[in-house]
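Residues per chain are reported as follows:
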Amino acid sequence: MLLIYKSALFSQTVLTSYPLDLKKHEENNQILNAENTVTHDVFSFIANTQNITILKYNSALFLTNQYTGSFLNLENKSIIGYSFSEDGNPTLYWSSMDFNEIIVIKYYLENKTFKALKFRFPSSNHYVITSFQKDNLFYILSKNLTEQTLTLYAFKNERAEEKTFDFSDFIFQNKNTQRIPFNKVIEAFPIEKMEVDDYNPLFKSTQKSKVYMLDERIILTLDHNPKKTQVFDLNFKNNSITEKNFAQPIPKKVARSSNSFFYKNRIFQVNANVDGLLFDVKDYDSGLTIKNITVSKNDTIRFKNSPLLIQRENGRPKELNKTKKFLQYLSNLDIGVSVFKNKKRTLITFGGTPKNDFVDQYSRNNVSFGQSDDEFEQMLPQNNFSPNIHTETVFFESSWDKNFEFNNQESPPLAIDNISYFLRQHKEVTLEKTIKFKDYFILGYYDSATKKYVMRKFEDGYN
């Protein structure tokens, strides 16, 4: 009875299903869900080795159109993004792992036809940082290997508009105030994309370089220097760059690690060593401090809604009884903070994740470096080239009201928690993809038992 109750509690409403037979273990099986942000139609793109199926649903999630077509020289290519034209029809972007060639295909659902174009990405001297969708357009953000620039490609009306942002005139310093070029910062600390309206797991938010995609601008935050957060506001319209610097809260002893998170025009900064933890919330526009908290190793953390937790690899989290022990673990990890708003509450996760292996980061980004570069090496954390010793993650969760006052009431589960629980209980679910729609989340997936494509609704709280 308990198992039945918990299953009903967390697995929420089935919105729609569509009969579909996908072969098992096919590498080219793909599912992508998307919302046309103008019409609020919902699309599901389902691909296998032979063809692609496009399902179009209206805002009430009724199936209104569908399209099935064969592939056109798309072997070894995956869907990397989508966009929507003014006529409401979707365009998919297909590419191999190296991004050397991108196939752009617009699908016309009215007459069941398509139009294909090719885009040559300059992979010889660029690498892709991330791709994203914003306001029905598809974007690729890339880094030039030799120049101190970032390049943004905006795909619209079957064309790619290129915008270059030059950082060569800005000053970057390591913790010893020695000047270093922009390229060295990004090579040492690769940029991680943050989801603006969704929860970002701690392993992403502990990265030192982050980008946030807003309306017609990108926010780039750099925390390579433990003394400050360096922020760049990249404007799409005029290609301008605006710099702001936010001093990190300063501990009595040297900080072992620091980081930040940008959310809703606020800068959340955390700084820690074995003796204490400092937390600041600053207004992005004015730079004024909204909230400041100091916790010593002998204090009890009063602003937590969960125990102090430690998790090793895929094991179950265990509780740490003392702040001192938590800080000892935290000082050997990459520290970070993740912020997410759930209705009236701002939910904050504090913690640390295992340090990334530096050499692996370079091999992933196809970047070469010289170990004799003294200025560069002084940026890096200690023991950077040795194998990871600390493989645990430590964290705790906190809930705040709109005035950034701590709320000690128990928080109900988030929709993402309910989705995670559902996925753990249903092994027949494959190719799962989640999108936010209206005030809830849609989980789209292939049910290998019933051979159906299913969309299921998940909300915050208990059902």
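Scroll up for the structure.
Residues numbered from 1 in each chain as written. Predicted model: local features only at pLDDT ≥ 70, side-chain atom pairs only at ≥ 80, totals over all residues. Heavy atoms only, no water.

1. Regarding the overall build of the protein chain
Using the following cut-off: Each helix corresponds to a stretch of at least 4 residues labelled H or I by DSSP, and each strand to a stretch of at least 2 residues labelled E; elements are numbered beginning at the N terminus. Contact between two residues is taken to exist if any of their heavy atoms lie within 4.5 Å; hydrogens are not considered. Accessibility throughout is a Shrake-Rupley quantity obtained with a 1.4 Å probe, and a residue counts as covered only by protein chains that appear here.
Regarding its fold elements, the protein chain presents 7 helices and 32 strands. Residue pairs in contact within the protein chain that sit at least 24 positions apart in sequence constitute 49% of those at least 6 positions apart. Counting every atom, the protein chain has about 22,900 Å² of accessible surface; 47% of that belongs to carbon and sulfur.

2. Notes on the sheet that holds strand 1 (residues 14-19)
Definition in use: Note on pairing: two strands pair once DSSP finds at least 2 bridges between them. Note on definitions: angles span 0 to 180 degrees between N-to-C directions of axes, and those axes are lines fitted to C-alpha atoms, for helices only across the stretch in contact.
Spatially, 4 strands are ordered 1-32-31-30 in an open sheet, and the strand pairing comes out antiparallel. Strands with a single pairing partner mark the edges of an open sheet, and in this sheet they are strand 1 and strand 30 (429-437). Between one strand axis and the next, the sheet turns through 15° on average, direction left out of account. Sheet analysis places strand 1 next to strand 32 (residues 452-458), joined by 5 bridges and oriented antiparallel. Note that in strand 32 the partner of Tyr18 across the bridge is Tyr453. The strands that helix 7 (residues 415-425) touches are strand 30, strand 31 (440-447) and strand 32; relative to strand 31, the one it contacts most, it runs at about 15°.

3. Here's the deal with the sheet that holds strand 5 (residues 63-70)
Taking strand neighbours across the sheet as the criterion, the 4 strands line up as 2-3-4-5 in an open arrangement whose pairing is antiparallel. On the outer flanks of this sheet lie strand 2 (30-35) and strand 5, each paired with one strand and no other. Within the sheet, the average angular offset between the axes of one strand and its neighbour, ignoring direction, is 15°. Where strand 4 (residues 51-57) lies against strand 5, 7 bridges are found, and the strand directions are antiparallel. What sits directly across from Lys56, in strand 5, is Asn65.

4. Looking at a positive patch on the surface
Quick reminder of the rule: What goes into a patch is any residue over 30% in relative accessible area without a salt bridge, connected to like charges within 9 Å or, for nonpolar side chains (Val, Leu, Ile, Met, Phe, Trp, Tyr), within 5 Å. Counted as salt bridges are all cases of a side-chain nitrogen of Lys or Arg within 4 Å of a carboxyl oxygen of Asp or Glu. The charge count treats Lys and Arg as positive and Asp and Glu as negative. His and the chain ends do not count. Every charge is mapped to an atom, namely NZ of Lys, CZ of Arg, CG of Asp or CD of Glu. Burial classes: relative accessible area under 20% of the type maximum marks a residue as buried, over 50% as exposed, and values in between as partly exposed (1.4 Å probe, protein chains only).
A surface patch of positive charge is lined by Arg312, Lys318, Lys322, Lys324 and Lys325. On the secondary structure map, Arg312 appears in strand 25 (residues 308-312). On the basis of relative accessibility, which here comes to 43%, the residue Arg312 falls in the partly exposed class.

5. Regarding the environment of Ile419
Here Ile419 shows up in helix 7. In this structure the C-alpha to C-alpha distance between Ile419 and Thr434, which are 15 residues apart in sequence, comes to 9.0 Å. When sequence neighbours within four positions are dropped, the list of residues in contact with Ile419 reads Thr434, Phe441, Leu443 and Phe458.

6. Brief notes about the pairing of strand 21 (residues 257-263)
By the criterion of burial, strand 21 is predominantly enclosed, with 7 of the 7 residues buried. A two-sided burial pattern is seen for strand 21, the buried positions comprising Ser257, Asn259, Phe261 and Tyr263 on one face and Ser258, Ser260 and Phe262 on the other. Hairpin geometry of strand 21 and strand 22 (residues 266-273) is characterised by an intervening segment of 2 residues between the two adjacent antiparallel strands and by a positive phi of about 50° at Lys264.

7. A look at helix 7
As a reminder of what qualifies: Along the arc lie the directions from the helix axis toward the C-beta atoms.
Along helix 7, the residues that are buried comprise Ala415, Asn418, Ile419, Tyr421 and Phe422. The arc that holds every buried residue of helix 7, seen down its axis, measures 165°, which confines them to one face.

8. Some points on the packing of aromatic side chains
Defined as follows: For Phe, Tyr and Trp, where Trp contributes only its six-membered ring, two rings pair if their centres lie within 6.5 Å, and the inter-plane angle classes them as stacked under 30 degrees, edge-to-face over 60, or tilted in between. Remark: a charge is flagged as sitting over a ring if the NZ atom of Lys or the CZ atom of Arg is within 6 Å of the ring centre and within 35 degrees of the ring normal.
Taken as a whole and assessed by the stated rule, the structure comprises 38 aromatic pairs. Ring plane angle 45° and centroid distance 6.3 Å describe the contact between Phe279 and Trp400, whose orientation is recorded as tilted. With Phe279 in strand 23 (residues 276-283) and Trp400 in strand 29 (residues 392-400), this residue pair connects regions lying 121 residues apart in the sequence. By relative accessible area, which is 1% here, Phe279 ends up buried. Each member of the aromatic cluster is reached from another via a ring pair, and the members are Phe268, Phe279, Phe303, Phe326, Phe350, Phe396, Trp400, Phe404 and Phe406. When the ring centre of Tyr284 is taken as reference, the NZ or CZ atom of Lys244 above it lies at 4.3 Å.

9. Looking at the side chain of Asn33
Defined as follows: Polar contact is defined as a pair of N or O atoms within 3.5 Å, subject to the rule that within protein one atom must be able to donate a hydrogen and the other to accept it, and that residues adjacent in sequence are counted only when both atoms are side-chain atoms.
Its location among the elements puts Asn33 in strand 2. In this structure the side chain of Asn33 is engaged in a polar contact, spanning 3.4 Å, whose partner is the side chain of Ser44. Contact partners of Asn33, with chain neighbours within four places excluded, come to Phe43, Ser44, Tyr82, Lys433, Ile435, Gly444 and Tyr453.

10. What to know about the pairing of strand 22
Counted residue by residue, strand 22 has 7 buried out of 8 residues, so it is predominantly covered. Across 7 bridges, the pairing between strand 21 and strand 22 is antiparallel. In the strand pairing of strand 22, Phe262 is matched with Ile267. For strand 22 and strand 23, the ladder comprises 8 bridges, and the chain directions are antiparallel. By the bridge assignment, Gln269 is partnered in strand 23 with Asp280. Counting the residues that bridge the hairpin from strand 22 to strand 23 gives 2 residues.

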